[in-house]
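Each chain, written out:
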Amino acid sequence: QVQLVESGGGLVQAGGSLRLSCAASGRNFWSYAMGWFRQAPGKEREFVGFISRGGDDTDYADSVKGRFTISRDNAKGTVYLYMNRLLPEDTGVYYCAGRTGADYTSWDQADYKYWGQGTQVTVSS
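Below you will find a few notes about this structure. (Residues numbered from 1 in each chain as written. Predicted model: local features only at pLDDT ≥ 70, side-chain atom pairs only at ≥ 80, totals over all residues. Heavy atoms only, no water.)

## Let's talk about the pairing of strand 9 (residues 92–99)
Okay, so step 1: Most of strand 9 is tucked away: 7 of the 8 residues are buried.
Okay, so step 2: Note that strand 4 (residues 33–39) and strand 9 share 7 bridges and pair antiparallel. Counterpart to Arg38 in the pairing with strand 9 is Tyr94.
Okay, so step 3: Sheet analysis places strand 9 next to strand 11 (residues 119–124), joined by 3 bridges and oriented antiparallel. Residue pairing for strand 11: Tyr94 is matched across the bridge by Thr119. (Buried < 20%, exposed > 50% of the residue type's maximum accessible area, 1.4 Å probe, protein only. Helix = DSSP H or I, 4+ residues; strand = E, 2+ residues; numbered from the N terminus. Pairing = 2+ DSSP bridges.)

## A few points about the pairing of strand 8 (residues 78–83)
Okay, so step 1: Burial of strand 8 is extensive: 5 of the 6 residues sit out of reach of the surface.
Okay, so step 2: One ladder, built from 6 bridges, connects strand 3 (residues 18–26) with strand 8; its direction is antiparallel. Looking at strand 8, one finds that Arg19 is bridged to Tyr82.
Okay, so step 3: Judged from the 6 bridges that link them, strand 7 (residues 68–73) and strand 8 form a sheet pairing that is antiparallel. Counterpart to Ser71 in the pairing with strand 8 is Tyr80.
Okay, so step 4: Two successive antiparallel strands, strand 7 and strand 8, enclose a turn made up of 4 residues, where Gly77 displays a positive phi of approximately 65 degrees.

## Notes on unusual backbone geometry
Okay, so step 1: Backbone geometry places Asn28, a non-glycine residue, at a positive phi of 60 degrees.
Okay, so step 2: Along the polypeptide, Asn28 turns up in the loop between strand 3 and strand 4.
Okay, so step 3: What makes Asn28 partly exposed here is its relative accessible area of 38%.
Okay, so step 4: Phi at Arg85 is positive, roughly 50 degrees, even though this residue is not glycine.
Okay, so step 5: Tracing the backbone shows Arg85 in the loop between strand 8 and strand 9.

## A look at the state of the cysteines
Okay, so step 1: According to the stated counting rule, one finds 1 disulfide in the structure shown.
Okay, so step 2: Between the sulfur atoms of Cys22 and its disulfide mate Cys96 the distance is 2.0 Å. Residues Cys22 and Cys96 share a disulfide whose torsion about the S-S bond is about 60 degrees; that sign makes it right-handed. In this pair, Cys22 sits in strand 3 while Cys96 sits in strand 9, placing the two residues 74 residues apart along the sequence. We note that Cys22, like Cys96, is buried. (Disulfide = S-S within 2.5 Å.)

## Overview of the pattern of salt bridges
Pairing is possible between side chains of opposite charge, provided their charged atoms come close.
Okay, so step 1: This structure, assessed with the given rule, holds 6 salt bridges.
Okay, so step 2: The residue Arg38 makes a salt bridge to Asp90 at a minimum N-O spacing of 2.8 Å. You can see Arg38 sitting in strand 4 and its partner Asp90 sitting in the loop between strand 8 and strand 9, a full 52 residues away along the chain.
Okay, so step 3: Classification of Arg38 as buried rests on a relative accessible area of 5%.
Okay, so step 4: Note on Asp90: relative accessible area 1%, which makes it buried. (Salt bridge = Lys/Arg side-chain N within 4 Å of Asp/Glu carboxyl O.)

Quick look at the structure:
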């Protein structure tokens with residue numbers, strides 16, 4: 001089992017950047033594929049991006065492709081979400097999630113077993 005804690009959220013102006021971190025405690029972080037999701041006010045939670053166990057495969061939602069980048073450091077038990085050229089519509093609570101078993105992307109929340117508590121990102125116009 002793994003516990004996930006996100007950090008790095010905050011208030012930023014449109015066009016700015018943020019780096020979110022997701023720190024994992026517990027064993028065998030390297031064995032979890034990881035995803036990032038977000039939930040805007042009044043909307044359902046949606047997929048943002050994915051990174052495979054070894055970090056060699058990533059996938060992004062169309063809305064963030066080219067602006068966001070996911071990486072991971074298995075030695076530190078941490079996955080990162082680099083967000084550039086932020087837009088007001090990027091506002092929301094950002095969650096990291098861990099997936100066991102399959103090491104390929106999934107946009108379905110149900111495929112992720114472990115979740116962090118979320119970190120708020122607010123982008124002002």
